[in-house]
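Structural description and commentary
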Amino acid sequence: MNILLLAGDGIGPEIMAEAEKVIAALALPVDLDRALVGGAACAATGHPLPAETLAKAKAADAILFGAVGDPRFDNVERHLRPEQAILGLRAELGLFANLRPAKLFSGLEDSSALRPEVASAIDLLIVRELNGDVYFGEKGTRTTASGERQGYDIMSYSESEVRRIAHVAFKAAAGRNKRLCSVDKANVLETSQLWRDVVIEVAADYPDVALAHMYVDNAAMQLVRNPGQFDVVVTGNLFGDILSDQASMCVGSIGLLASASLGDGTRGLYEPIHGSAPDIAGKGIANPLAMILSLAMLLRHSGGDEANAARIEAAVAQILADGCRGADLGGTMGTAALGDAVVAALNG
Ligand code: IPM
Ligand code: MG
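Since we're looking at a predicted model, the values are computed, not measured.

Here we look at the pattern of salt bridges
- Per the counting criterion, the structure on display carries 20 salt bridges.
- With a closest N to O distance of 3.0 Å, Glu117 and Arg115 form a salt bridge.
- In this structure, a network of salt bridges that share partners links the residues Lys103, Asp123, Arg176 and Asp231.

Now the structure itself:
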């Protein structure tokens, strides 16, 4: 398997180094390549997703991605900002299905922003659509008739886009606890009404999965009131972005949530859901566990290697149960020490 490592910006290179330790410890039969992406690529080439990086991504079997985002480029034209690298990769590679699992690791009951008995019940999967919505619609600034500046971003979903993500979500639910909650804002948005109609149509193919619908504001509330009620949640690009950050704090830290971005084949891009965290970059205190758990998802979904995926997840669960904690979880272990602990657990 050819894996392209795109470390990116901020804490990206630090956490990627820990994932590489795990690759080495497992002696995985993989070929690694590297390329520039995000602000690092902007600085070197003037573009956040250089043609060479995109070509390597298209040729790879899987991409392990750190993070992009660099305050030095916050004021450049939007299409040249570091974030465009990840959006461009998702679009160019047709990675429309973003899986973001959130489960409370045992030992972290008191780290959640929620009460321990509420947090303990969390074992959910957010299936976020990744190629459409307001993220990719026409956008711009214009001047109104009265001479005011106005910003706009068009939200839209076509039925084929909804149908394909609905199938991914129903299949995921069929393999879990057979409950799917579709999150939308159909009481206000036409885009959401179509979303809901199409999800109901697709449900006919999955009689064993119980489908429910929830407005996004209610879903945000339910996620902190009673997150244990959720099994699989399917939602659009924008709502999924927001709800997955919220879910991360319900299980203790955004430094723990991994994700897989998948298309029609087995090629995928795997990344922590968090960003480049420029405020802590270079300090050696970032949590590498979301990055390491993203490697596990890579092995499962693109590598067909469930055994090593499960080994990595068990090692992470073990070090957390043993009390290993970085700064994000109120502890003192640094990035490298946490990576070393995972490697020791794998070898142990
Ligand atoms: C995420 C991130 C990205 C997104 C940013 C970096 C463009 O927040 O993966 O959740 O909004 O999708
Ligand atoms: Mg996000």
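Past the structure itself, the notes keep going.
Some points on helix 8 (residues 216-225)
- Within the span of helix 8, buried status applies to Val216, Ala219, Gln222 and Leu223. The arc enclosing the buried residues of helix 8, seen along the axis, measures out at 110 degrees, which places them on a common side.
- Each element contacted by the buried residues of helix 8 is listed here: strand 5 (123-129), strand 8 (179-184), strand 9 (210-215) and helix 9 (237-250).

Considerations on the site of ligand 1
- Close contacts around ligand 1 come from Arg90, Arg100, Arg128, Tyr135, Asp241 and Ile273, and that covers them all.
- Contact between ligand 1 and Arg90: an oxygen atom at 2.7 Å from a side-chain N or O atom of the residue.
- Contact between ligand 1 and Arg100: an oxygen atom at 2.8 Å from a side-chain N or O atom of the residue.
- Coverage of ligand 1 by the protein chains reaches 78% of its 320 Å² of free accessible surface.
- Here the residues of the shell around ligand 1 sort into two nonpolar, no polar and four charged.

Topic: the side chain of Arg90
- Relative to the helices and strands, Arg90 resides in helix 4 (residues 83-92).
- Dropping the residues within four chain positions of it, Arg90 is found in contact with Leu95, Arg100, Arg128, Leu130, Asn131 and Glu271.

So, the nonpolar core
- Residues Val22, Leu64, Phe170 and Val342 are the most contacted members of the largest nonpolar core, which totals 90 residues.
- At nine residues, the largest contribution of residues to this core is made by helix 10 (residues 289-301).
- Counting contributing residues per domain, this core is built from domain 1 (1-96 + 263-348) and domain 2 (105-255), each supplying no fewer than three.
- With sequence-adjacent residues up to four places away left out, Val342 is seen in contact with Val22, Leu289, Ile292, Ala315, Val316 and Ile319.
- Among the nonpolar cores identified, the runner-up in size contains 18 residues, and Leu4, Ala57, Ala60 and Leu87 belong to it.

A word on the UniProt feature "binding site: Mg(2+)" (unreviewed entry) in the protein chain
- If you check UniProt for "binding site: Mg(2+)" (unreviewed entry), the listed places come out as Asp217, Asp241 and Asp245 in our numbering.
- Relative to the helices and strands, Asp217 is located in helix 8.
- Within the local environment of Asp217, its side chain forms a polar contact with the side chain of Lys185, the two groups lying 3.2 Å apart.
- Positionally, Asp241 belongs in helix 9.
- Asp241 sits in the partly exposed class, given a relative accessible area of 27%.
- Every residue in contact with Asp241, bar those within four places of it in the chain, is listed here: Arg100, Arg128 and Tyr135.

The rules behind each value
- Residues numbered from 1 in each chain as written.
- Chains lettered and ligands numbered in written order.
- Predicted model: local features only at pLDDT ≥ 70, side-chain atom pairs only at ≥ 80, totals over all residues.
- Heavy atoms only, no water.
- Salt bridge = Lys/Arg side-chain N within 4 Å of Asp/Glu carboxyl O.
- Buried < 20%, exposed > 50% of the residue type's maximum accessible area, 1.4 Å probe, protein only.
- Helix = DSSP H or I, 4+ residues; strand = E, 2+ residues; numbered from the N terminus.
- Arc of directions from axis to C-beta.
- Contact = heavy atoms within 4.5 Å.
- Near = heavy atom within 4 Å.
- Polar contact = N/O pair within 3.5 Å; in protein donor to acceptor, adjacent residues only side chain to side chain.
- Areas by Shrake-Rupley, 256 points an atom, 1.4 Å probe, with all protein chains shown as cover.
- Nonpolar A, V, L, I, M, F, W, Y, C, P; charged D, E, K, R; others polar.
- Core = buried A, V, L, I, M, F, W, Y, C linked by side-chain atoms within 4.5 Å.
- Domains from an automatic or database assignment.
- UniProt positions renumbered as here; feature names shortened; annotations may be inferred.

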